[in-house]
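# Descriptive structure summary
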Amino acid sequence: MEQEEDKLSNLPKKILHNILSRLPEDDANRTSVLSKAWLETWYTFPILCFSDFDFITESTQPKEDIADTKITLMFFQPVEDLSRKSKDFIEYVKRRLLRFWDHGLPIKEFAFMILDLLCMSEDLDFCLKLVAESGVEVLDLCFPDPSFVKDEKDRSECYVLPKGVIEVKSLTKLVLAGDIRVDQAFMNHSIKFFSLRELHLLHVVLEDEQAIERLISCCPLIEIITLMLSGGSMKSLSMHGLQKLNTVYVDGIKEVYIDEASSLKSLYYCYDCWNAPFKIDFIQCKYLKELLLCLNSTTIITDKWFLEIFPKFPFLETLEIWNCILSETINISSVQLKYLHVYDCSNLKEANIDAPNLLSCKFDGFNGSKPIISFLNISSQLEVHLSVSIDDRDEDLDVFYVRELLQNIKPENVLISLSLFIYHFSDAPKQVFLDIPSPPPSIKHMDLFILSELNENWYSSDVDFIRLCCIPETISWNLDNCDSSKAFVEFFYETLRRRKDDTKCWWRDLKEAKVTRSTTDEGTMLKSLPKYSTQQNIMFRKDI
């Protein structure tokens, strides 16, 4: 065994570094205790990741308890302890970096996350200088989000990157997140990121909105751009002549113009400022394959838009629409479309979909409307996921609608999963469910969510609703923090146990109900339920 370990330790540093790069960070760190060779490998590993969060929240509690107490520890430690730990943290980082500097070792990736920026600004300048001069390729800086800084004085003291950092020519990926100022330095014509392929700016502070546009224009090889900015901080953005651009993710910019980007495949645009107009022009991106639009709830997307989008972008495979008003009827026709997802959109009553290669279709959150969805020329691989909310204040949204919704999709040809959200605001049900002569439609899976305190008076009514609306092959439960949710699951299980006495219900064919996802051994739900936490799921399976 020792010979085998020696052989591994004697491998070239390049191979050992490659091994470390494939391990989770904690596991890679643990290799330092294996031998002197591994310790040296760890010290020279060119992928560095530092977080003062880990230093500040150190605890003597067992590891499994630390995750739940980190925030508490951070905010309730004495000020002098926080200051001391922050200083110890930055000194540790400096020692690690100086070791690389002294030995002329390269730094391939450098990630740095801090919660307390003001106490270490000058030290951070020094650290980034060492990193910049070590040929760094990936630089990831994550600071506190400026939107959480209430004091205007503190907000004005956000971090400004040293000039040496923004002139690093070896960078292939740059991530700036939080309280970092993008200032006039980025307007300097000497700034050229000739190697940069990924740029991610998340909630940074803008001194001049043209600085970002200037920065992007200096990246001829850029492939991925992510801009997540506070609404209104940047009004307009234009991207011109970026021939390698593949993916754009823009959130919070009122007007976006993209042209001459023939290689663009994925576009995500989000502008959710309430009742505010916006504009996005990407008509020249003919080869677009993925389009995701997250809009404000006053935006209207018409049937005409759906009819025109696919001829304009004949290679479009994925379409996601979030948070808008739809026409009462929409018609979608595309041979290329594979993924269609519609979330939190209102007003829809009818959706007609002709997409023979569609693999996944999701309608989640109807916002009060009750649409009927129809498919024409469907794929045998199509999976449909629907989300329906049951609210006792809405007498119209009942078992008959759920049955019609499912039956209209022709569930015998499609794999359907249904998420059923149950809300109760009254003490007792207003409606008594009667048996319906025709059998319910069969579906693949049902997710049940009880999202309010459930009175025992509702138990029988909800069980009737579930058994009459559809026949799921499997049922899973997502428990909330209410003890009544667990009580209802027990009631549901007891009803299943008495299923053989119910000759009219589909679950009389259910051979056994078991917990299939649990921290305990698989067993009956009554035995396992008390051991469940509120974040775990319970699943029943129908065996035919």
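Presented here is an overview of the structure given in this document. (Residues numbered from 1 in each chain as written. Predicted model: local features only at pLDDT ≥ 70, side-chain atom pairs only at ≥ 80, totals over all residues. Heavy atoms only, no water.)

Attention now moves to the overall build of the chain. For the chain, the count of helices and strands is 16 helices and 28 strands. A buried classification covers 47% of the 544 residues belonging to the chain. Taking contacts inside the chain between residues at least 6 apart in sequence as the whole, the part at least 24 apart equals 58%. Carbon and sulfur atoms make up 51% of the accessible area of the chain, which totals about 27,500 Å². (Helix = DSSP H or I, 4+ residues; strand = E, 2+ residues; numbered from the N terminus. Buried < 20%, exposed > 50% of the residue type's maximum accessible area, 1.4 Å probe, protein only. Contact = heavy atoms within 4.5 Å. Areas by Shrake-Rupley, 256 points an atom, 1.4 Å probe, with all protein chains shown as cover.)

Within a sheet, each strand pairs with its neighbour through backbone hydrogen bonds, oriented either parallel or antiparallel. The strand order across the open sheet built from three strands is 4-6-8, with neighbouring strands paired in parallel fashion. With one partner strand each, in any of the chains shown, strand 4 (159-160) and strand 8 (205-206) form the two edges of the open sheet. (Pairing = 2+ DSSP bridges.)

Here three strands make up an open sheet; going across it, the order is 19-21-23 and the pairing parallel. Looking at which strands have only one partner, the edges of the open sheet turn out to be strand 19 (329-333) and strand 23 (372-376). Ignoring which end each strand starts from, the neighbouring axes of this sheet average 10° apart. Direction of pairing for strand 21 (residues 350-354) relative to strand 23: parallel, over a ladder of five bridges. Paired with I353 across the two strands is F375, which belongs to strand 23. (Axes fitted to C-alpha atoms, helices over the stretch in contact; angles between N-to-C directions.)

Counting 131 residues, the largest nonpolar core has F110, F112, L141, L161, I212 and F363 as its most contacted members. Dropping the residues within four chain positions of it, I212 is found in contact with V182, L201, L206, L227, L229, M234 and L237. (Core = buried A, V, L, I, M, F, W, Y, C linked by side-chain atoms within 4.5 Å.)

Together, L98, W101 and F126 make up a nonpolar patch on the protein surface, roughly 250 Å² of accessible area in all. Structurally, W101 is set in helix 7 (residues 79-102). For W101, a relative accessible area of 40% corresponds to the partly exposed category. (Patch = residues over 30% accessible without salt bridge, like charges linked within 9 Å, V, L, I, M, F, W, Y side chains within 5 Å. Salt bridge = Lys/Arg side-chain N within 4 Å of Asp/Glu carboxyl O.)

With that settled, the discussion passes to the side chain of H200. Within the element layout of this structure, H200 appears in strand 7 (residues 198-202). In this structure the side chain of H200 is engaged in a polar contact, spanning 2.9 Å, whose partner is the side chain of T226. If sequence neighbours within four positions are ignored, H200 has contacts with K173, L174, V175, L176, I224 and T226. (Polar contact = N/O pair within 3.5 Å; in protein donor to acceptor, adjacent residues only side chain to side chain.)

To continue, consider the packing of helix 13 (residues 399-408) against helix 14 (residues 459-469). One can describe the packing of helix 13 onto helix 14 by two numbers: an axis separation of 9 Å at closest approach and a directional angle of 25°. Here helix 13 is positioned roughly parallel relative to helix 14, judged by the angle of their axes. Considering how the two elements wind past one another, helix 13 and helix 14 form a crossing that is right-handed. Residues V399, V402, R403 and L406 of helix 13 form the contact with helix 14, whose own contacting residues are F465, L468 and C469. Taken together, the residues of the contact of helix 13 with helix 14 sort by class into six nonpolar, no polar and one charged. (Parallel < 35°, antiparallel > 145°, perpendicular 65-115°, else oblique. Left-handed = near helix turned anticlockwise from the far one by under 90°. Nonpolar A, V, L, I, M, F, W, Y, C, P; charged D, E, K, R; others polar.)

Keep in mind these numbers describe shape, not what the thing actually does.
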